[in-house]
Amino acid sequence: MGISVGRNYALELVKTPYFLLVDDDHVFTNRTNIEKMIDVLERTDTSIVGGKFEGHSKFGGRIQFGNYLKTQTLSLFSGLCDGNITQFPGCEQCDSTSNIFLARTQDIRDIGGWTAELKVTEHTDFFVKMKAAQKKVVFCDDIEVANKQEKMKGAYHNLRYGKERKDHMVSILLSRYNVNGFYWCSRWNLDPESKNPACRSYKQKEVHC
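Figured I'd write up the structure that's included with this text. Because the structure is a prediction, the values reported are computed rather than measured.

1. Here's the deal with the pattern of salt bridges
Step number 1: Here the structure, examined in full by the defined rule, presents 13 salt bridges.
Step number 2: For aspartate 95, the salt bridge goes to lysine 131, with nearest N and O atoms at 3.4 Å. A residue pair is termed long-range when its members are at least 10 positions apart, and aspartate 95 in the loop between strand S7 (91-94) and strand S8 (96-97) and lysine 131 in helix H4 (residues 122-132) qualify at 36 residues.
Step number 3: Lysine 135 serves as the salt-bridge partner of aspartate 107, at 3.7 Å between the closest nitrogen and oxygen. Here lysine 135 lies in the loop between H4 and strand S10 (137-147) and aspartate 107 lies in helix H3 (residues 105-110), a separation of 28 residues in the sequence.
Step number 4: Through salt bridges with shared partners, a single network forms among Arg31, Lys52, Asp141 and Glu144.

2. Observations concerning the state of the cysteines
Step number 1: Throughout the structure, instances matching the rule amount to two disulfides.
Step number 2: What pairs with cysteine 81 in a disulfide is cysteine 94, and their sulfur atoms sit 1.7 Å apart. As the torsion about the S-S bond is roughly 105°, the cysteine 81-cysteine 94 disulfide counts as right-handed. Note that cysteine 81 is positioned in the loop between strand S5 (71-78) and strand S6 (82-84) and cysteine 94 in strand S7, a separation of 13 residues in sequence.
Step number 3: By relative accessible area, which is 6% here, cysteine 81 ends up buried.
Step number 4: Across the disulfide from cysteine 91 sits cysteine 140; the S-S distance is 2.0 Å. Between cysteine 91 and cysteine 140 the sulfur-sulfur dihedral comes to about 105°; the bridge is accordingly right-handed. Note that cysteine 91 is positioned in strand S7 and cysteine 140 in strand S10, a separation of 49 residues in sequence.
Step number 5: Among the residues examined, cysteine 91 registers a relative accessible area of 2% and is labelled buried.

3. Here's the deal with the nonpolar core
Step number 1: Counting 27 residues, the largest nonpolar core has Phe19, Ile48, Phe101, Ile108 and Phe126 as its most contacted members.
Step number 2: Sorting the residues of this core by element identifies strand S1 (18-21), S5, strand S9 (101-104), H4 and helix H6 (163-176) as the ones contributing at least two each.
Step number 3: Element by element, the count of residues in this core is highest for H6, at five residues.
Step number 4: Among all residues touching phenylalanine 126, those that are not within four sequence positions of it are Ile48, Phe101, Ile108, Ile111, Gly113 and Trp114.
Step number 5: Counting 15 residues, the second-largest nonpolar core is a separate cluster that includes Leu41, Ile85, Phe88 and Val138.

4. Examining helix H2 (residues 34-43)
Step number 1: Buried within H2 are the following residues: Lys36, Met37, Val40 and Leu41. In an axial view of H2, the angular spread of the buried residues amounts to 135°, which keeps them on one side of the axis. Opposite its buried face, H2 presents the exposed residues Glu35 and Glu42, each directed more than 90 degrees away.
Step number 2: Among the structural elements, S1, strand S3 (48-53), S7, S9 and S10 are those in contact with the buried residues of H2.

5. A look at the pairing of S9
Step number 1: Here S9 shows no split at all, with Phe101 and Ala103 on one side and Leu102 and Arg104 on the other all buried.
Step number 2: Pairing of S1 with S9, which is carried by four bridges, proceeds in the antiparallel orientation. Bridge pairing in S9 links leucine 20 to leucine 102.

Cut-off values and rules
Residues numbered from 1 in each chain as written. Predicted model: local features only at pLDDT ≥ 70, side-chain atom pairs only at ≥ 80, totals over all residues. Heavy atoms only, no water. Salt bridge = Lys/Arg side-chain N within 4 Å of Asp/Glu carboxyl O. Helix = DSSP H or I, 4+ residues; strand = E, 2+ residues; numbered from the N terminus. Disulfide = S-S within 2.5 Å. Buried < 20%, exposed > 50% of the residue type's maximum accessible area, 1.4 Å probe, protein only. Core = buried A, V, L, I, M, F, W, Y, C linked by side-chain atoms within 4.5 Å. Contact = heavy atoms within 4.5 Å. Arc of directions from axis to C-beta. Pairing = 2+ DSSP bridges.

So, in structure tokens, the structure goes:
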């Protein structure tokens, strides 16, 4: 059935205004500040407030719809946030964050939760849906969980990160948002035309310019 179906079922069962999403290999530490997450949601119009994995740098990103070579494109920029939240030092407005976040239940229901046909690689699609629905996401650098993930091997690694799964996710993004190109960047430059190898192109549709 997959992770998306499981999360959607859990979302149906939630009876509180907010819910906390974590993975099964996350461990709370003294920096897992859930109280701050609640405070951000209650004092702002944010839909999701997230943190990062212990020992890692910023885990937020920007999502941009734009044009390149007369085609519609979708670009994801890892590590890029802006718009500091004045009343919450260390927090910035982003378009995506990691799988440690507190969310407004109704806002996630409004976007339909997670895409059921995605058994894995659901994360990117979920936050593109949030962006398209103009839901606000905040990343706080001082909120952490420890990630005790064991090294994945063989068939399970291919299931999670194999080319077939990535291609499936990209095809869904391209068709749902009517774009011809998909770029994944891990730099601070907002120009998808750059030849910088840190920006990978996953364009799948044939385009005639």
